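Here is what each chain is made of, one letter per residue.
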Amino acid sequence: MSRSQSSIASLQKALSMELSAAQQYLLHAHVLDDWGLDKLATKMREEMQEELGHAGQFIDRILYLGGTPEVVPAKKPVKAESLKAMFEADRADEEEAIEVYSKAAKEAGEANDIGSRVLFETIALDEEGHWGWLDQQLSLLKRMGEPAFMQVYFSGQATDA
């Protein structure tokens, strides 16, 4: 497999993962709105936009390398039944992304594809930030208990359903 083909395959996998993440955060946002946690829903929409931005960067790099991006999510979103389940599933997805992007960055570097290496490293660092935030939310949820934690993300404002 040529340098470009190898990088394109890794970029395509990453693109599919980012599309899955964006869809998952979209579903979370609506579920959280339904639960009355409008502030947390807003945070999830911000995460969704960031993941879409990552997907766009992967698309641009695939096109630059002469590939044809396949805009297909890796997996379907899953409705969480609790805040704990939501945060744990997202943290696991972020951990997987960090692993995949770190490996892809190493492989791109070994193939002298500096542009793809830097892109994977940059987005892996973003995902580390997401992972850290999710880990912090799980810690707060455990220490505060769900009722107190939910108060942080509840504005008391009615939302349109």
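Residues numbered from 1 in each chain as written. Predicted model: local features only at pLDDT ≥ 70, side-chain atom pairs only at ≥ 80, totals over all residues. Heavy atoms only, no water.

- The name that an unreviewed UniProt entry assigns to the protein chain is Bacterioferritin, with the source organism given as Roseicyclus mahoneyensis.
- As stated in UniProt under Sequence similarities (unreviewed entry), the record for the protein chain gives "Belongs to the bacterioferritin family."
- The heading Cofactor (unreviewed entry) in the UniProt record of the protein chain holds the text "heme b". (UniProt positions renumbered as here; feature names shortened; annotations may be inferred.)

## Digging into the packing of helix α3 (residues 83–110) against helix α4 (residues 114–144)
Item 1. Between α3 and α4, the least distance of the axes is 8 Å, while the angle of their chain directions is 160°. As judged from the angle between their axes, α3 and α4 are roughly antiparallel. Relative to α4, α3 is oriented so that their crossing is left-handed.
Item 2. Of the residues assigned to the contact of α3 with α4, the class counts are 16 nonpolar, five polar and 11 charged. (Axes fitted to C-alpha atoms, helices over the stretch in contact; angles between N-to-C directions. Helix = DSSP H or I, 4+ residues; strand = E, 2+ residues; numbered from the N terminus. Parallel < 35°, antiparallel > 145°, perpendicular 65-115°, else oblique. Left-handed = near helix turned anticlockwise from the far one by under 90°. Nonpolar A, V, L, I, M, F, W, Y, C, P; charged D, E, K, R; others polar.)

## Considering α3
Item 1. With 28 residues, α3 extends 41 Å between its outermost C-alpha atoms, agreeing within 8% with the 40 Å of an ideal straight helix rising 1.5 Å per residue.
Item 2. Where α3 is concerned, the buried positions are Leu83, Met86, Phe87, Asp90, Glu94, Ala97, Ile98, Val100, Tyr101, Ala104, Ala105 and Ala108. (Expected span 1.5 Å × (residues − 1). Buried < 20%, exposed > 50% of the residue type's maximum accessible area, 1.4 Å probe, protein only.)

## Focus: the UniProt feature "binding site: Fe cation 1" (unreviewed entry) in the protein chain
Item 1. Under the UniProt annotation, the feature "binding site: Fe cation 1" (unreviewed entry) is placed at Glu18, Glu51, His54 and Glu127. Judged by maximum C-alpha separation, these annotated positions cover 110 residues in sequence but sit close together in space, the widest gap being only 10.4 Å. Here, the largest pocket is lined by Glu18, Glu51 and Glu127 out of the annotated residues.
Item 2. Residue Glu18 is classed as buried on the basis of its relative accessible area of 2%.
Item 3. When neighbours within four sequence positions are excluded, Glu18 is seen to be in contact with Glu51, His54, Ala55, Phe58, Tyr101, Ile123 and Glu127.
Item 4. Take Glu127: it is sitting in helix α4. (1 Å grid on protein atoms, 1.4 Å probe; cavity = no way out; pocket = protein on both sides within 12 Å on 5 of 7 lines; lining within 4 Å. Contact = heavy atoms within 4.5 Å.)

## Focus on helix α2 (residues 38–64)
Item 1. Over its 27 residues, α2 extends 39 Å from the first C-alpha to the last, a length consistent with the 39 Å expected when each residue adds 1.5 Å.
Item 2. Of the positions making up α2, those classed as buried are Asp38, Leu40, Ala41, Met44, Glu47, Met48, Glu51, His54, Ala55, Phe58, Arg61 and Ile62.
Item 3. Downstream of α2 by one or two residues, Gly66 has phi in the positive range, about 90°.

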